[in-house]
There are 4 protein chains.
Amino acid sequence: MACEFKVTRCVEFAETDMAGIMHYANFFRFMETAEHGFFRSLGFSIVMENFTPPIGWPRVHAECDYFKPLRFEDEVEIQLLVSNKTAKSLSYLFRFRKLNTPPGEEVARGSLTVVCVTRQVDGRMKAVNMPAAISDKIEVAPKELLQ
Amino acid sequence: MACEFKVTRCVEFAETDMAGIMHYANFFRFMETAEHGFFRSLGFSIVMENFTPPIGWPRVHAECDYFKPLRFEDEVEIQLLVSNKTAKSLSYLFRFRKLNTPPGEEVARGSLTVVCVTRQVDGRMKAVNMPAAISDKIEVAPKELLQ
Amino acid sequence: MACEFKVTRCVEFAETDMAGIMHYANFFRFMETAEHGFFRSLGFSIVMENFTPPIGWPRVHAECDYFKPLRFEDEVEIQLLVSNKTAKSLSYLFRFRKLNTPPGEEVARGSLTVVCVTRQVDGRMKAVNMPAAISDKIEVAPKELLQ
Amino acid sequence: MACEFKVTRCVEFAETDMAGIMHYANFFRFMETAEHGFFRSLGFSIVMENFTPPIGWPRVHAECDYFKPLRFEDEVEIQLLVSNKTAKSLSYLFRFRKLNTPPGEEVARGSLTVVCVTRQVDGRMKAVNMPAAISDKIEVAPKELLQ
């Protein structure tokens, strides 16, 4: 049972904006990088075409609090923690920490809620219970890690 | 005194992902498009280098709830509403509505809180009161529009 | 028969980088915006799922020469010109012109070559003749416009 | 003297488009990732504010040939080779190779030409000789590697 994953990214030039800092929308891309790495660490790809029926994980809520800016070539660790789990949904907390000076400083905190869906005949998405193969491997992180 | 702004965008191919829908991080780019258009509608650019001292508007909080996906070539109206105002900060509510079928459907709702800052001698940002020239032109939207 | 299309874009904040100018990769997004608008002007979407078999237009070559930078809130006109046409491919020339000061200055010139493909049973793409319905509407621009 | 650099990237979900493949403009972001890594391998950041005067490296030409698509979670190696060097400019060749199946396949080839500039008093960029500290560390790759 897993409840945590960490990945490190280096802020790229194309991710900065004219204010000289990482554009705020890119924190949401970094969250997704951690989410997909979490799934790979469990032996899955987030693109689950080999499940019957194929399932997807659209986002229903996304959020970020920004404490300090990230700059070009900053090394940033994104820590994913599972903060909630229902039959059909998962919520994640993300902590962004700079690994260069000052080391370990939390620069942003985000969250995502995703729902397990399948596509109906008319093309529309419908929430379904997540497969046991996935659910059995994921648990909510201890409270003290989520504060 | 202004409290609202609307802008229309067409979802571009590069804004979609392999799920066939607009990537969720791009909703935050669309919010910013509306925010900057709002400032232009007041006679300002969001890049305020000609204020003394120059000021900027970093984000401290960003959030989005997703109800329905947006797809390639969807016409979407982004409505900005000023939801809160303090001496140093502004908060916005954003409603995303599809203009093609079904017309007017709200597909997502977002919010942003930005802080007026100036850059100190050491390069760090410091929250300051927003200039009167700006503050005098912005008011919070009526409660009934914000629900 | 059409050989030209123009679209105007305003450079957005998220499209700039820390050098204070539009990031160079975004010129390729702007080219595509013009290409897809060109197809809409002919009555088509570039996403051609209702053709039998469905066809797509992957890029085989893309290129851009940069003369002057584009900056935040610059109004830029992207002019698409059809520069070559074969049974299976189309080539476009793109001129980028600033519409604010100095008006009409060409700031970049790009080109794209795209191939009409269909997806084979094994998922791989195969070049095919473009449908007559499309081919009949597109012609190469006069030489003097392409210089 | 260095003439080569390699970096590996995993194609992220946000880098794909609705065609299910990496969006073609993102190859230009990957080239830049390799270019900036090359500079770091020489002991420099591409953002050279501590040179007197500060210098920058705007692109004057960018180009890419696409042979095969890249897909989500593909591991891709980007090989940078210095293909030309003048007093004021550098040209790079980039080979994109998939590291997953089939291993080593070249899926795209790109090139970039960048110019060393400084910013004049009026804000405009002017081409200048690159500093010897940089020039002394870079050489053109052997011909056989560039074919």
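Residues numbered from 1 in each chain as written. Chains lettered and ligands numbered in written order. Predicted model: local features only at pLDDT ≥ 70, side-chain atom pairs only at ≥ 80, totals over all residues. Heavy atoms only, no water.

*Asks:* What is the right way to look at the side chain of Arg-29 of chain B in this model?
*Replies:* With respect to the helices and strands, Arg-29 of chain B occurs in helix 1 (residues 26–41). Notably, Arg-29 of chain B is buried but unbridged: the nearest opposite-charge side chain belongs to Glu-15 of chain C, and the N-O separation is 4.9 Å. Apart from residues lying up to four places away in sequence, Arg-29 of chain B is in contact with His-23, Tyr-24 and Ala-25 of chain A together with Ala-14, Glu-15 and Arg-29 of chain C. (Helix = DSSP H or I, 4+ residues; strand = E, 2+ residues; numbered from the N terminus. Buried < 20%, exposed > 50% of the residue type's maximum accessible area, 1.4 Å probe, protein only. Lys, Arg positive; Asp, Glu negative; His and termini not counted. Salt bridge = Lys/Arg side-chain N within 4 Å of Asp/Glu carboxyl O. Contact = heavy atoms within 4.5 Å.)

*Asks:* Sorry, what's going on with the interface of chain B and chain A here?
*Replies:* Where interface size is quoted, it is often the accessible area lost as the parts come together. On the chain A side, the residues contacting the 25 residues of chain B number 25 residues. Buried surface at the junction of chain B and chain A, both sides included, amounts to about 2,000 Å², of which 55% is carbon and sulfur. Among the residues of chain B in contact with chain A, Tyr-24, Phe-28 and Tyr-66 of chain B are the three that bury the most area, contributing 26% of the side total. Here chain B is connected to chain A by zero salt bridges. Taken together, the links from chain B to chain A amount to 14 residue pairs in polar contact (both at pLDDT 80 or more). (Buried area = accessible area lost by both parts, 1.4 Å probe. Polar contact = N/O pair within 3.5 Å; in protein donor to acceptor, adjacent residues only side chain to side chain.)

*Asks:* Is there a simple way to explain the sheet that holds strand 7 (residues 117–119) of chain B in this structure?
*Replies:* Neighbouring strands of a sheet are bound in pairs by backbone hydrogen bonds; such pairs are parallel or else antiparallel. Residue and element names in this part refer to chain B. Spatially, the three strands line up as an open sheet ordered 2-7-8, and their pairing is antiparallel. The strands lining the two open edges of the sheet, one partner per strand, are strand 2 (55–56) and strand 8 (125–127). Where strand 7 lies against strand 8, three bridges are found, and the strand directions are antiparallel. Looking at strand 8, one finds that Arg-119 is bridged to Met-125. (Pairing = 2+ DSSP bridges.)

*Asks:* What am I meant to see in unusual backbone geometry here?
*Replies:* Following Thr-52 of chain C, the chain continues into Pro-53 of chain C via a peptide bond in cis, with omega recorded as -5 degrees. Relative to the helices and strands, Pro-53 of chain C resides in the loop between helix 1 (26–41) and strand 2 (55–56). In this model, Glu-73 of chain A sits at a positive phi of 70 degrees, which is unusual for a non-glycine residue. Checked against the element boundaries, Glu-73 of chain A lands in the loop between strand 3 (59–66) and strand 4 (75–85).

*Asks:* Explain the relation of the copies chain B and chain A here, please?
*Replies:* Rotating chain B by 180 degrees about the axis while translating it 0.0 Å along that axis superimposes it on chain A, leaving an RMSD of 0.0 Å. What the superposition gives is, in effect, a two-fold axis relating one chain to the other. Proximity to the rotation axis, assessed at the C-alpha, singles out Glu-63 of chain B in chain B; its C-alpha lies 2.1 Å from the axis. (Least-squares fit on C-alpha atoms with pLDDT ≥ 70 in both.)

*Asks:* Looking at this model, I keep getting lost on the relation of the copies chain C and chain A. Mind explaining?
*Replies:* Here the second copy of the chain follows from the first by a rotation about an axis and a shift along it. With an RMSD of 0.0 Å, the fit of chain C onto chain A corresponds to turning through 180 degrees and sliding 0.0 Å along the axis. Most of the interface of chain C is mirrored in chain A, where 100% of its interface residues again form contacts.

*Asks:* Explain the interface of chain C and chain A here, please?
*Replies:* The partner chain A presents nine residues to the nine residues of chain C that form the contact. Carbon and sulfur atoms make up 76% of the area that chain C and chain A hide from each other, which totals about 830 Å². The interface formed by chain C and chain A includes zero salt bridges. Between chain C and chain A we count four residue pairs in polar contact (both at pLDDT 80 or more) in total.

*Asks:* Looking at this structure, I do not really get the sheet that holds strand 1 (residues 4–10) of chain C. What am I missing?
*Replies:* An order of 1(C)-4(C)-5(C)-6(C)-3(C)-3(D)-6(D)-5(D)-4(D)-1(D) is seen for the 10 strands of this open sheet, with the pairing classed as antiparallel. Each edge of the sheet is formed by a strand with only one pairing partner; in this case those strands are strand 1 of chain C together with strand 1 (4–10) of chain D. Ignoring strand direction, the axes of neighbouring strands in this sheet form an average angle of 15 degrees. As paired strands, strand 5 (residues 89–98) of chain C and strand 6 (residues 106–115) of chain C are joined by nine bridges and run antiparallel to one another. Directly across from Leu-93 of chain C, in strand 6 of chain C, lies its bridge partner Ser-111 of chain C. This element, helix 1 (residues 26–41) of chain D, spans strand 3 (59–66) of chain C together with strand 1, strand 3 (59–66), strand 4 (75–85), strand 5 (89–98) and strand 6 (106–115) of chain D of the sheet and lies at about 120 degrees to strand 3 of chain D. (Axes fitted to C-alpha atoms, helices over the stretch in contact; angles between N-to-C directions.)

*Asks:* Quick question: what am I supposed to make of the side chain of Glu-73 of chain D here?
*Replies:* Judged by its relative accessible area of 18%, Glu-73 of chain D falls in the buried class. At a separation of 3.0 Å, a polar atom in the side chain of Glu-73 of chain D contacts the side chain of Ser-45 of chain A. Among all residues touching Glu-73 of chain D, those that are not within four sequence positions of it are Arg-40, Ser-45 and Ile-46 of chain A together with Cys-10, Val-11 and Asn-100 of chain D.

*Asks:* Help me out: how do you make sense of the packing of aromatic side chains in this one?
*Replies:* The geometry of an aromatic ring pair is captured by the separation of the ring centres together with the interplanar angle, meaning the angle of the planes. Within this structure, the stated rule accounts for 42 aromatic pairs over all chains. An angle of 70 degrees between the planes, with centres 5.2 Å apart, marks the rings of Phe-27 of chain A and Phe-96 of chain A as edge-to-face. Within this pair, whereas Phe-27 of chain A is found in helix 1 (residues 26–41), its partner Phe-96 of chain A is found in strand 5 (residues 89–98), the two being separated by 69 residues in sequence. Exposure remark for Phe-27 of chain A: the relative accessible area of 2% places this residue in the buried category. On the basis of relative accessible area, Phe-96 of chain A is assigned to the buried category, the value being 0%. Ring-pair connections join several aromatic residues into one group, and the members of that group are Tyr-24, Phe-27, Phe-28, Tyr-66 and Phe-96 of chain A together with Tyr-24, Phe-27, Phe-28, Tyr-66 and Phe-96 of chain B. Across the ring face of Tyr-24 of chain A, the terminal group of Arg-59 of chain B is positioned such that the distance to the ring centre comes to 5.2 Å. (Phe/Tyr/Trp six-rings, centres within 6.5 Å; stacked < 30°, edge-to-face > 60°. Lys NZ or Arg CZ within 6 Å of the ring centre and 35° of its normal.)

*Asks:* Before we go on, may I ask you to explain the nonpolar core in this structure?
*Replies:* Side chains that are nonpolar tend, in soluble globular proteins, to be buried together. In this structure, Phe-39 and Trp-57 of chain A together with Phe-39 and Trp-57 of chain B are the most contacted members of the largest nonpolar core, which totals 87 residues. Here Trp-57 of chain B is in contact with Phe-39, Ile-46, Met-48, Leu-90, Val-114, Val-115, Cys-116, Met-130 and Ile-134 of chain B, once residues within four sequence places are set aside. Val-76 of chain C together with Tyr-66, Val-76 and Leu-112 of chain D belong to the second-largest nonpolar core, a separate cluster that totals 84 residues. (Core = buried A, V, L, I, M, F, W, Y, C linked by side-chain atoms within 4.5 Å.)

*Asks:* Is there a simple way to think about the pattern of salt bridges in this case?
*Replies:* It is possible for side chains of opposite charge to pair when their charged atoms get near one another. Counted according to the given criterion, the structure contains 44 salt bridges over all chains. The residue Glu-15 of chain A makes a salt bridge to Arg-9 of chain A at a minimum N-O spacing of 2.6 Å. Residue classification places Arg-9 of chain A among the buried residues on the basis of a relative accessible area of 11%. Between Glu-77 of chain C and Arg-97 of chain C there is a salt bridge, with the nearest N and O atoms lying 3.5 Å from each other. Here Glu-77 of chain C is found in strand 4 (residues 75–85), whereas its partner Arg-97 of chain C is found in strand 5, with 20 residues between them in sequence. A network of salt bridges, in which partner residues are shared, links Arg-9 and Glu-15 of chain A together with Glu-12 of chain D.

Such coordinate-based values are descriptive only and should not be taken to indicate function.
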